[in-house]
Amino acid sequence: MKIAVCVNRVPDTETKVKIGADGKTIDKTGVNYILNPYDEFAVEEALRVKEKFGGEITVISLGGSENVEVIRRALAMGADRGILLKDDSQRDTFSIAKALAEVLKEISPDIIFFGKQSIDYDNQAMPSLVGELLGIPSITVVVKLEINQDGTIIAEREIEGGRERIRGKLPIIIGAQRGLNEPRYPSLKGIMAAKSKPVEEREAVKFENKAEVIEMLLPPPKKAGRILGTDANAVEELVRLLREEAKVI
Amino acid sequence: MAKRVLTFAEQREGKFKKSAFEAVRTGKRVADELSAEFYTLVIGDENVEKIAPELGDYGAEKVLIVQDSRLGQYSLTAYAKVIAEVMQKVEADYLFMSATAMGKEVAPRVAGKINAGFAVDCTDLKVENGEVIATRPVYAGKAFIKVKINSDKKIFTLRPNVFPVGEKDGKVASLEKIEINLNDDDFKVVAFETIAATQGKIDVTEADIIVAGGRGLKAPENFKLIEELADVLGAAVGASRAVVDAGWRPHDEQVGQTGKTVSPKLYIAVGISGAIQHLAGMSSSKVIVAINKDKDAPIFQVADYGIVGDLFEVVPALIKELKKVLGK
Ligand SMILES: Cc1cc2nc3c(=O)[nH]c(=O)nc-3n(C[C@H](O)[C@H](O)[C@H](O)COP(=O)(O)OP(=O)(O)OC[C@H]3O[C@@H](n4cnc5c(N)ncnc54)[C@H](O)[C@@H]3O)c2cc1C
């Protein structure tokens, strides 16, 4: 089975966002970067598919040279080889998807994993868009995946008020959601092995952006809330305020 | 040339979602501001014709209906094809959809088909100098970006519960059936079964009011307090990751960075500390109430109203007071 996983490098979840000098992106000073949390579920599921069906896992990331860190992390978990699509420019989802699709076309995997979204721009669009560009189906927000010997699959994805079960067939793209599996930690042996696994560097193919960020803003500061009391006696006032001032009940 | 706007009105099992009305109302508003022609699209099986007229109440003028018995079940590949083809048929320049589970999955695929730039999960849309400028949250709501789309075709998905539905118009929309040629190959992925989290439960992403509980509840059985409070308010139950990880509550109730993003009118956080990852999912709630015994809990920094106290005293009193006041 040919398996691909696309991974991204993102500010860790504790990051306090400050706006950068360009007014359009965040100030990167002092920010800690991690493998996008949803991509960990994607890598883990790829490993499980390989454990069941055999094959090779290629990890792909687009970004600056520092993205090699997240590729190495996936290799340490057990993936086989990496491709870094080097690009330092600010790209929109469309242009990232096009560059990824170029490489994926060449590999033509039976199954491609993404995290359901990257926690920087929160687009949740990559699995669908890359799927369309490759002409193969996709399923996103997947919390359960079953692949049969004959190449048919059944996936469960989260929707409002529950889940829906989806029937499909390989080749396919899966967007991994938390709950799909429990990602393993790279072992010391894995980390050592990752150092000698091949990571190929290429220039990412250029494509025009279709969406343009005009400005980045911080949410308007909330005015300090009111503490209404320290025990159940405050409840009457709370209910009055919710009805008469906030008018929400 | 006059512009054209198409809004997709999502229905599941023969019912429109409230977010469909939000999308139609917003599409109509933007179409007016662009002096554009306005179309609404409904997709489904034979039953959708019955519900389509409802859309007139929310600003729909021309409702296009694509019916096929196979479209009764959601299929990403088929839905994307239908939407893209209808867009081409009516020569729409803009597409608006809700950023629901369906919309988030379908919109980028339609974008790929018609080479359209897109902005997802928008929380504001403005027309400035004839251009639609979208505002959308990034970094889990810790920042916002204003986005302009430069391609000819443009797609926007709208975060549910943020855009107003307005009063019912009582207007009558015209209905038109459109034939789209679908073959079996268009149904590469198909939803064949839905599993409801719990019968009749309100989903946090769709709720106007959410009562969320955290580790402060001490034990899973104490969540009956949260459920009872939610019940009095007609609210959905939410949870912090700590209690979901502990197995006290199902993952579909988790609010936050790795759970769901919500924007209800009222969010009541009970025994939740307000870690940055939790705030990421709920800080755009209109009114936030925090009940926590630690006066320094970060949740108080985003709360509009707070009670620093023991939830085991405060919540039962709150339930009693609400029952009295709301006449239940
Ligand atoms: C990558 C990542 C992603 C994450 N994603 C999420 C997410 O999506 N959602 C999420 O919620 N968290 C998420 N977290 C976890 C988050 O950091 C916190 O650990 C979690 O939100 C804490 O849950 P809590 O507030 O219920 O528990 P605690 O932090 O333990 O807080 C319990 C609170 O209850 C109060 N309390 C205790 N007893 C009482 C009482 N009797 N009366 C009143 N108050 C009382 C305490 O004062 C305390 O403030 C994530 C973390 C990471 C690292």
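For the structure itself, consult the block above.
These numbers come from a predicted model, not from an experiment.

Calculation rules
Residues numbered from 1 in each chain as written. Chains lettered and ligands numbered in written order. Predicted model: local features only at pLDDT ≥ 70, side-chain atom pairs only at ≥ 80, totals over all residues. Heavy atoms only, no water. Helix = DSSP H or I, 4+ residues; strand = E, 2+ residues; numbered from the N terminus. Buried < 20%, exposed > 50% of the residue type's maximum accessible area, 1.4 Å probe, protein only. Contact = heavy atoms within 4.5 Å. Pairing = 2+ DSSP bridges. Axes fitted to C-alpha atoms, helices over the stretch in contact; angles between N-to-C directions. Left-handed = near helix turned anticlockwise from the far one by under 90°. Nonpolar A, V, L, I, M, F, W, Y, C, P; charged D, E, K, R; others polar. Buried area = accessible area lost by both parts, 1.4 Å probe. Salt bridge = Lys/Arg side-chain N within 4 Å of Asp/Glu carboxyl O. Polar contact = N/O pair within 3.5 Å; in protein donor to acceptor, adjacent residues only side chain to side chain. Core = buried A, V, L, I, M, F, W, Y, C linked by side-chain atoms within 4.5 Å. Near = heavy atom within 4 Å. Areas by Shrake-Rupley, 256 points an atom, 1.4 Å probe, with all protein chains shown as cover. Expected span 1.5 Å × (residues − 1). 1 Å grid on protein atoms, 1.4 Å probe; cavity = no way out; pocket = protein on both sides within 12 Å on 5 of 7 lines; lining within 4 Å. Points joined across faces, edges and corners; volume = space filled by probe spheres on them. Phe/Tyr/Trp six-rings, centres within 6.5 Å; stacked < 30°, edge-to-face > 60°. Lys NZ or Arg CZ within 6 Å of the ring centre and 35° of its normal.

S.K.: How should the overall build of chain A be read in this particular structure?
M.R.: Helix and strand counts for chain A come out as six helices and 13 strands. Its C-alpha atoms give chain A principal-axis dimensions of roughly 65 × 45 × 40 Å. The proportion of buried residues among the 249 residues of chain A is 55%. Contacts spanning at least 24 positions in sequence make up 71% of the contacts within chain A whose residues lie at least 6 apart.

S.K.: Looking at this structure, I do not really get the sheet that holds strand S12 (residues 211–217) of chain A. What am I missing?
M.R.: To summarise the sheet geometry, strands pair through backbone hydrogen bonds and adopt either a parallel or an antiparallel arrangement. Spatial ordering of the open sheet is given by S12(A)-S10(B)-S9(B)-S8(B), a layout of four strands whose pairing is antiparallel. Among the strands making up the open sheet, the edge pair consists of S12 of chain A together with strand S8 (124–128) of chain B. Each neighbouring strand pair of the sheet contributes to a mean axis angle of 30 degrees, computed without reference to strand direction. Here S8 of chain B pairs with strand S9 (residues 131–138) of chain B via five bridges, running antiparallel. Looking across to S9 of chain B, one finds that glutamate 128 of chain B is bridged to glutamate 131 of chain B.

S.K.: Quick question: what am I supposed to make of the packing of helix H4 (residues 126–134) of chain A against helix H4 (residues 101–114) of chain B here?
M.R.: Packed helices, taken two at a time, are described by the angle between their axes plus the distance between the axes. Viewed as axis vectors pointing N to C, H4 of chain A and H4 of chain B meet at an angle of 35 degrees, and their least axial separation amounts to 8 Å. The hand of the H4 of chain A/H4 of chain B crossing is right-handed. Contact with H4 of chain A, carried on its side by Ser128, Leu129, Gly131 and Glu132 of chain A, involves Glu105, Pro108, Arg109, Gly112 and Lys113 of chain B of H4 of chain B and no other residues of that element. Split by residue class, the contact of H4 of chain A with H4 of chain B holds two nonpolar, three polar and four charged.

S.K.: For this particular structure, what's the right way to read the interface of chain A and chain B?
M.R.: Frequently, the measure chosen for interface size is the accessible area that the parts lose on association. Taken together, the contact between chain A and chain B spans 77 residues of the former and 86 residues of the latter. Where chain A abuts chain B, roughly 7,100 Å² becomes buried across the two surfaces, and 58% of that area is made up of carbon and sulfur atoms. Of all residues in chain A, Glu160, Arg178 and Lys210 of chain A give up the largest surface area on contact with chain B, accounting jointly for 11% of the area buried on that side. Run the count over chain A and chain B and you get eight salt bridges. Here glutamate 160 of chain A makes a salt bridge to lysine 17 of chain B, at a shortest N to O gap of 3.4 Å. Linking chain A to chain B there are 41 residue pairs in polar contact (both at pLDDT 80 or more). Elements with a contribution of two residues or more to the side of chain A that touches chain B: helix H3 (93–107), H4, strand S7 (138–147), strand S8 (152–159), strand S9 (162–169), S12, strand S13 (226–229) and helix H6 (235–244) of chain A. At eight residues, S9 of chain A tops the list of elements feeding residues into the side of chain A that touches chain B. Of the residues in the side of chain A that touches chain B, the class split is 35 nonpolar, 17 polar and 25 charged.

S.K.: It is not clear to me how the nonpolar core should be interpreted in this structure. Could you clarify?
M.R.: Membership of the largest hydrophobic core comes to 101 residues, with the highest contact counts inside it found for Ile111, Phe113 and Leu145 of chain A together with Val106 and Val110 of chain B. At nine residues, the largest contribution of residues to this core is made by helix H3 (residues 76–89) of chain B. With sequence-adjacent residues up to four places away left out, isoleucine 111 of chain A is seen in contact with Lys2, Ile3, Ala4, Val49, Leu145, Ile147, Leu170, Ile172 and Ile174 of chain A. Judged by nonpolar contacts, the second largest core, of 44 residues, contains Tyr121 of chain A together with Ala31, Leu34 and Ile51 of chain B.

S.K.: For this particular structure, what's the right way to read the site of the ligand?
M.R.: Taken together, 27 residues are adjacent to the ligand, and Ser240, Thr258, Ser273, Gln277 and Asn292 of chain B come closest. Looking at what sits near the ligand, you find residues from chains A and B. Within the side chain of threonine 258 of chain B, a nitrogen or oxygen atom sits 2.6 Å from a nitrogen atom of the ligand. A distance of 2.8 Å is found between an oxygen atom of the ligand and a side-chain nitrogen or oxygen belonging to histidine 278 of chain B. In the complex, 80% of the free accessible area of the ligand, which totals 980 Å², lies under the protein chains. Mapped by element, the contributors of at least two residues to the shell around the ligand are helix H6 (241–245), helix H7 (276–282) and helix H9 (311–325) of chain B.

S.K.: Can you walk me through the pattern of salt bridges in this structure?
M.R.: Pairing is possible between side chains of opposite charge, provided their charged atoms come close. Following the criterion strictly, the structure yields 52 salt bridges over all chains and no others. With a shortest N-O distance of 3.2 Å, arginine 165 of chain A and glutamate 193 of chain B are connected by a salt bridge. Residue arginine 165 of chain A is located in strand S9, and its partner glutamate 193 of chain B is located in strand S13 (residues 190–196); the two belong to separate chains. By relative accessible area, which is 35% here, glutamate 193 of chain B ends up partly exposed. A salt bridge links glutamate 253 of chain B to arginine 249 of chain B; its shortest N-O distance comes to 2.8 Å. We note that glutamate 253 of chain B, like arginine 249 of chain B, is buried.

S.K.: Sorry if this is basic, but what is going on with helix H1 (residues 18–33) of chain B here?
M.R.: Think of an α-helix as turning once every 3.6 residues; residues three or four places apart then point the same way. Residues and elements named next belong to chain B. When the terminal C-alpha atoms of H1 are compared, their 23 Å separation across 16 residues agrees well with the 22 Å that a helix rising 1.5 Å per residue should span. H1 sits mainly inside the fold: twelve of its 16 residues count as buried. Serine 35 occupies a position one or two residues after H1 and carries a positive phi of about 50 degrees.

S.K.: Explain empty space enclosed by the protein here, please?
M.R.: To locate leftover empty space, one rolls a probe as large as a water molecule over the atoms. A full pass over the atoms with the stated rule returns two cavities of 30 Å³ or more. Together, Pro11, Asp12, Thr13, Thr15 and Ile119 of chain A together with Tyr139, Ala140, Lys142 and Gln257 of chain B line the largest cavity. In the lining of the largest cavity, the residues fall into four nonpolar, three polar and two charged. Its volume calculated, the second largest cavity comes out at about 40 Å³. Every residue along the wall of the second largest cavity is listed here: Ser138, Ile139 and Ile166 of chain A together with Tyr74, Ser75, Leu76, Glu105, Val189, Val190 and Ala191 of chain B. Contributions of two or more residues to the lining of the second largest cavity are made by S7 of chain A together with S13 of chain B. Residue composition of the lining of the second largest cavity, grouped by class: seven nonpolar, two polar and one charged.

S.K.: Quick question: what am I supposed to make of the packing of aromatic side chains here?
M.R.: Note on aromatic pairs: each is described by the distance of the centres and the angle between the planes. With the rule as written, the count across this model stands at eight aromatic pairs over all chains. Look at tyrosine 121 of chain A and tyrosine 139 of chain B: their rings are 5.8 Å apart centre to centre, the planes differ by 55 degrees, and that puts the pair in the tilted class. Here tyrosine 121 of chain A is found in the loop between strand S6 (111–115) and H4, whereas its partner tyrosine 139 of chain B is found in the loop between S9 and strand S10 (143–149) on a different chain. Judged by its relative accessible area of 17%, tyrosine 121 of chain A falls in the buried class. Classification of tyrosine 139 of chain B as buried rests on a relative accessible area of 10%. With a centroid separation of 5.3 Å and an interplanar angle of 90 degrees, the aromatic rings of tyrosine 74 of chain B and tyrosine 79 of chain B are classed as edge-to-face. Residues tyrosine 74 of chain B and tyrosine 79 of chain B agree in their burial class; the two are buried. Here a set of aromatic residues connected by ring pairs shows up, and it is made of Phe16, Phe21 and Tyr58 of chain B. It is arginine 167 of chain A that lies over the ring of phenylalanine 192 of chain B; its NZ or CZ is 4.4 Å from the centre.

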